[in-house]
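So the chains spell out like this:
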Amino acid sequence: MTKIFSIALVLTLVSIITVVGTASASAKGVDKQPIDLSATLFVTGLTPPVTNLNSGWSTIASETLQGNTLVTVNAGPAILGSTVISAAQSSREQFTSFNLAEATVIKGKSKGTFYLTSYFTGDVLVVGDYDLKVSSSVGCQISGVGNWKTKAADSIIAGHGDITVCTNWIWFGPSPEWGGTFMTNVSVTGAAALLD
């Protein structure tokens, strides 16, 4: 009888441990939610490109980008809708021309860090890293596809996913004398957990 009781007790404990383990795993799964964000950024500064005149390859050691409107949240924590995006990146790209207003990218890579900053408080809420493979496509002088990730140590969300960009040159005014810059439409999808 004692032996049967002991076996029953062990089976009960195994059953409880299994249920607790399953519940714990489910809770972590529930904490992660889909992320779908979009934003527009403008290149606000860069180090002069170092260009190989024979190959057309250009290296930009440092480039800053800044959004001028709130991030659009199609899915994910609502608090991200009160943020503005900015980024700092480096890139190595092969252009078809030295005239950036008309050039398209044949191939290349970019990597950098993006920031989501509260519009109301100025606090940086999210810091993430990204990397892109770039080329061009219809309607995009520079199109990029890659990955992003954020860590709990730096952000209110921890997650990862895909990032796509479409970049085109825009003029500031009706003629080239007004100057211009690159404008990037970025889309970020994936999954992340909102942290306390």
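Conventions used here
- Residues numbered from 1 in each chain as written.
- Predicted model: local features only at pLDDT ≥ 70, side-chain atom pairs only at ≥ 80, totals over all residues.
- Heavy atoms only, no water.
- Helix = DSSP H or I, 4+ residues; strand = E, 2+ residues; numbered from the N terminus.
- Buried < 20%, exposed > 50% of the residue type's maximum accessible area, 1.4 Å probe, protein only.
- Contact = heavy atoms within 4.5 Å.
- Areas by Shrake-Rupley, 256 points an atom, 1.4 Å probe, with all protein chains shown as cover.
- Patch = residues over 30% accessible without salt bridge, like charges linked within 9 Å, V, L, I, M, F, W, Y side chains within 5 Å.
- Salt bridge = Lys/Arg side-chain N within 4 Å of Asp/Glu carboxyl O.
- 1 Å grid on protein atoms, 1.4 Å probe; cavity = no way out; pocket = protein on both sides within 12 Å on 5 of 7 lines; lining within 4 Å.
- Points joined across faces, edges and corners; volume = space filled by probe spheres on them.
- Nonpolar A, V, L, I, M, F, W, Y, C, P; charged D, E, K, R; others polar.
- pLDDT = per-residue confidence, 0-100.
- Phe/Tyr/Trp six-rings, centres within 6.5 Å; stacked < 30°, edge-to-face > 60°.
- Lys NZ or Arg CZ within 6 Å of the ring centre and 35° of its normal.
- Pairing = 2+ DSSP bridges.
- Polar contact = N/O pair within 3.5 Å; in protein donor to acceptor, adjacent residues only side chain to side chain.
- Disulfide = S-S within 2.5 Å.

Engineer: Help me get a handle on the overall build of the chain, residues and values and all.
Structural biologist: Secondary structure summary: the chain contains one helix and ten strands in total. Of the regular secondary structure in the chain, the N- to C-terminal order runs α-β-β-β-β-β-β-β-β-β-β. Here the chain, with 196 residues, has 34% of them falling under the buried criterion. The contacts in the chain between residues at least 6 apart in sequence include a share of 55% that link residues at least 24 apart. Surface accessibility of the chain: about 11,400 Å² in total, with carbon and sulfur atoms responsible for 62%.

Engineer: Break down a nonpolar patch on the surface for me, citing the residues and quoting the values.
Structural biologist: A cluster of nonpolar side chains, Leu 70, Tyr 119 and Phe 120, forms an exposed patch at the surface whose accessible area comes to about 380 Å². Following the sequence through the fold, Leu 70 ends up in the loop between strand 3 (57–67) and strand 4 (72–75).

Engineer: Any details on the layout of surface pockets? Residues and values, ideally.
Structural biologist: When its volume is computed, the largest pocket comes out at roughly 510 Å³. Lining of the largest pocket is provided by 40 residues; of these, Glu 63, Leu 65, Gln 89, Thr 167 and Thr 184 occupy positions nearest its centre. It is strand 1 (residues 32–46) that provides the largest number of residues to the lining of the largest pocket, a total of seven residues. For the lining of the largest pocket, the class distribution of residues is 29 nonpolar, nine polar and two charged.

Engineer: Report on the confidence of the model for the chain, specifying residues and quantitative values.
Structural biologist: In this model, the chain carries a mean pLDDT of 85, and residues with pLDDT of at least 70 account for 84%. Within the model, pLDDT remains below 50 along residues 1–30, and this stretch shows zero contacts once partners closer than five positions in the same chain are excluded.

Engineer: Please give an account of the packing of aromatic side chains that cites residues and values.
Structural biologist: Within the structure shown, the criterion is met by five aromatic pairs. Each ring, one from Phe 114 and one from Tyr 130, has its centre 6.5 Å from the other, and the planes form 40 degrees; the classification is tilted. Here Phe 114 is found in strand 6 (residues 105–118), whereas its partner Tyr 130 is found in strand 7 (residues 124–137), with 16 residues between them in sequence. The burial state of Phe 114 is the same as that of Tyr 130; both residues are buried. A ring pair is formed by Tyr 119 and Phe 120, whose centres lie 5.4 Å apart and whose planes are at 85 degrees; its orientation type is edge-to-face. For the pair formed by Tyr 119 and Phe 120, the shared burial category is exposed. The positively charged end of Arg 92 is found above the aromatic ring belonging to Trp 57, 4.4 Å away from the centroid.

Engineer: So, the pairing of strand 1: which residues are in play, and what are the values?
Structural biologist: Two strands pair when backbone bridges link them, and strand 1 and strand 10 (residues 180–194) are joined in this way by eleven bridges, in the antiparallel orientation. Residue pairing across strands places Ala 39 opposite Val 186, the latter belonging to strand 10. The pairing of strand 1 with strand 4 spans three bridges and is classified as antiparallel. Bridging from a neighbouring strand, Asp 36 pairs with Ala 75 of strand 4.

Engineer: So what's going on with the environment of Thr 51? Which residues, and what values?
Structural biologist: Relative to the helices and strands, Thr 51 resides in strand 2 (residues 50–51). In this structure, the C-alpha to C-alpha distance between Thr 51 and Gln 94, residues 43 residues apart in sequence, is 9.1 Å. Beyond its immediate chain neighbours, meaning those up to four positions away, Thr 51 contacts Trp 57, Ser 58 and Phe 98. Polar contacts involving the side chain of Thr 51 include one to the side chain of Ser 58, which spans 2.8 Å.

Engineer: Outline the state of the cysteines, listing residues and values.
Structural biologist: Under the defined criterion, the tally for this structure stands at one disulfide. Residue Cys 140 pairs covalently with Cys 166 via a disulfide, S to S 2.0 Å. Judged by the torsion about the S-S bond (-105 degrees), the Cys 140/Cys 166 disulfide is left-handed. On the criterion of sequence distance, the pair formed by Cys 140 in strand 8 (residues 140–150) and Cys 166 in strand 9 (residues 157–171) is long-range, its members being 26 residues apart. The pair formed by Cys 140 and Cys 166 is uniform in burial state, with each residue classed as buried.

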